[in-house]
Amino acid sequence: MSSVANAWFISAPSNPTKKDTVDKLRERMSASKAGTDLADIYPFQLPEFKVGTLDSLMVISDELVKSDQMVETFCVKLADTLKGLLGNEEQWKSSLIVGDKPLDTFLISFQWNTMKYRSDKTLKELADMIVQEVNGADTVIKNKLQQYAQTKGTLQTLQRKTNGNLSVRSLNDVVKKEHFVQDSEYLVTILVAVPKALSKDWIESYETLAQMVVPRSTQQITQDDEYILYSVTLFQRVVDEFTGKAREKKFIVRDFKWDPEQLSNEKKQLQEVITAEKEQASALLRLCKASFGESYSSYLHLKALRTFIESILRYGLPPDFQPILVRAKPKQERKTRDTLNKHYAYIDKGSGAADAEIDEAMQNLIGEKDYAPVVLFGINTIY
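Scope of this entry: the structure provided in the associated data block. (Residues numbered from 1 in each chain as written. Predicted model: local features only at pLDDT ≥ 70, side-chain atom pairs only at ≥ 80, totals over all residues. Heavy atoms only, no water.)

## Re unusual backbone geometry
Move 1: Pro16 follows Asn15 through a cis peptide bond whose omega is -10 degrees.
Move 2: Structurally, the position occupied by Pro16 is in the loop between β1 (7-13) and α1 (18-28).
Move 3: In this structure, Pro318 follows Leu317 across a cis peptide bond, with omega equal to -5 degrees.
Move 4: Of note in the backbone geometry, Asp183 takes a positive phi value of approximately 55 degrees without being a glycine.
Move 5: Tracing the backbone through its elements, the reader meets Asp183 in the loop between α6 (123-163) and β5 (187-195).
Move 6: A positive phi angle is found at Arg216, which is not glycine, with a value near 50 degrees.
Move 7: Examined against the element boundaries, Arg216 turns out to sit in the loop between α7 (199-205) and β6 (219-223). (Helix = DSSP H or I, 4+ residues; strand = E, 2+ residues; numbered from the N terminus.)

## Things to note about the sheet that holds strand β10 (residues 375-378)
Move 1: Taken together, four strands build an open sheet; the order of strands is β2-β9-β1-β10 and the sheet is antiparallel. Looking at strand neighbours, the two that pair on one side only are β2 (39-43) and β10, the edges of this open sheet. Across the sheet, the axes of successive neighbouring strands diverge by a mean angle of 25 degrees, strand direction being ignored.
Move 2: Relative to β10, β1 runs antiparallel, the two being bridged by four bridges. Directly across from Trp8, in β10, lies its bridge partner Gly378.
Move 3: α1 contacts β1, β2 and β9 (321-328) of the sheet and is inclined by roughly 20 degrees relative to β9. (Pairing = 2+ DSSP bridges. Axes fitted to C-alpha atoms, helices over the stretch in contact; angles between N-to-C directions. Contact = heavy atoms within 4.5 Å.)

## Comments concerning the environment of Thr381
Move 1: For Thr381, the location among the structural elements is in the segment after β10.
Move 2: Reaching out from Thr381, the side chain makes a polar contact with the side chain of Asn6 at a distance of 3.1 Å. (Polar contact = N/O pair within 3.5 Å; in protein donor to acceptor, adjacent residues only side chain to side chain.)

## Considerations on the sheet that holds strand β7 (residues 227-235)
Move 1: The sheet built from four strands is open, its strands ordered β6-β7-β5-β8 with antiparallel pairing. Two strands lie at the open edges of the sheet, namely β6 and β8 (252-254), each paired on one side alone. Averaged over neighbouring strand pairs, the angle between their axes works out to 35 degrees when direction is ignored.
Move 2: When β6 meets β7, the two strands line up antiparallel, connected through four bridges. Paired with Gln219 across the bridge in β7 is Ser231.

## Observations regarding the nonpolar core
Move 1: Membership of the largest hydrophobic core comes to 50 residues, with the highest contact counts inside it found for Phe292, Tyr296, Leu300 and Phe308.
Move 2: Listing elements by their share of this core, those giving two or more residues are β1, α3 (54-86), α5 (103-108), α6, α9 (262-315) and β9.
Move 3: In contact with Leu300, not counting residues within four places along its chain, are Phe9, Phe106, Leu107, Phe110 and Ile379.
Move 4: With 19 residues, the next largest nonpolar core counts Trp8, Ala12, Val326 and Ala328 among its residues. (Core = buried A, V, L, I, M, F, W, Y, C linked by side-chain atoms within 4.5 Å. Buried < 20%, exposed > 50% of the residue type's maximum accessible area, 1.4 Å probe, protein only.)

## Some details on the environment of Asp55
Move 1: Note that Asp55 resides in helix α3.
Move 2: Taking the C-alpha atoms as reference points, Asp55 and Ser109, 54 residues apart in sequence, are found 33 Å from one another.

## Quick notes on the packing of aromatic side chains
Move 1: Inspection of every chain in the model, using the stated rule, returns 19 aromatic pairs.
Move 2: Ring geometry for Phe9 and Phe110: centres 5.5 Å apart, planes at 35 degrees, overall tilted. Of the two residues, Phe9 sits in strand β1 while Phe110 sits in the loop between α5 and α6, which places them 101 residues apart along the sequence. Neither residue differs from the other here; Phe9 and Phe110 are each classed as buried. (Phe/Tyr/Trp six-rings, centres within 6.5 Å; stacked < 30°, edge-to-face > 60°.)

## A word on the packing of α3 against α6
Move 1: The contact between α3 and α6 brings their axes to 10 Å, and the two run at 30 degrees. On the basis of the axis angle, α3 is roughly parallel to α6. As for the relative orientation of α3 and α6, their crossing is left-handed in sense. Between α3 and α6, the contacting residues are Leu57, Ile60, Glu63, Leu64, Ser67, Met70, Val71, Phe74, Lys77, Leu78, Thr81 and Leu85 on the first element and Leu123, Lys124, Ala127, Val131, Val134, Asn135, Ala137, Asp138, Ile141, Lys142, Leu145 and Tyr148 on the second. (Parallel < 35°, antiparallel > 145°, perpendicular 65-115°, else oblique. Left-handed = near helix turned anticlockwise from the far one by under 90°.)

## A word on the packing of α1 against helix α10 (residues 333-343)
Move 1: Orientation of α1 relative to α10, taken along the N-to-C sense of each, is 135 degrees, at an axis distance of 11 Å. The orientation of α1 with respect to α10, classified from their angle, is oblique. Relative to α10, α1 is oriented so that their crossing is right-handed. Counting all contacts with α1, which are made through Lys24, Leu25 and Arg28, the residues of α10 involved are Thr339, Leu340, Lys342 and His343.
Move 2: Grouping the amino acids of the contact of α1 with α10 by side-chain chemistry returns two nonpolar, two polar and three charged. (Nonpolar A, V, L, I, M, F, W, Y, C, P; charged D, E, K, R; others polar.)

Below, the structure is given as structure tokens:
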């Protein structure tokens, strides 16, 4: 989402009727008044909630600031997770389904879900219900993400052993039995990854890295773009000394023991983890899609609840205001916001002049970006 919101829930007093309020705003945002179409206007209805006391409204209003941020953050996290799982931008956008509708369609057709969030509950109960739903989904997603991250980490480790360079990769598919001294009580063959630039140094110095290294015992087994893999035979008692001296010269002694069954075991383990990663990614994708739809719906209901509460606090009782979704046209976000401020400046001035200019001192005091003479909450449209 850009730094400037492109959609807002607003609530404006009836002027003089709710229909008039919508029509006047729609006209103000049209090309006939603004010179270009600035925004689309989508009025929606809210139930007659149980208002309660002024003190309770102020408490809920303060609490919902943090709840709103939490729910929005969770929705964004879900969307980002989906994007990471899908990769493709178009597939990602088409996966953001809310209430069986594409995200944008659900947004512009938003109406309060009276079946799920009944108006016979208090505002506090409704707010708590929404937040608890999202918290529950957050816990489930965190657990699944942690499980998937562990599996993916295991897979990356195994693939690194298979696909990495000779200093880190598994060597079971590289070496053969004949590369090693067999059935010796005193001698052992070790494998050393030598940077290509140091291969001459290895040949000239390996016999001197420790006593009791078998002369002329080194063999080149294979190489990649970075390293050459050598074997060398020495007495078991000097392996630690040899390893330390080799490290000083940037020769990497591999921790490896010949095991004919290990290659088969590694291939089996890799395939098992690949299968587990695919299954978990598929399950996580389905879960994130479902959770996003439910949580984004909760997010908009929480915004609508804030819109109602702030409208009561600002405009008073009885409720006589019209909630509206304002959706700015592309590249018209700033102009739309400025036009909203000018259109509703009369609310602050206490006059009926809809075209009155915003009081400059008030705008400087509050800050142009956050100033709004009308109840207004930005909506995160995700993309």
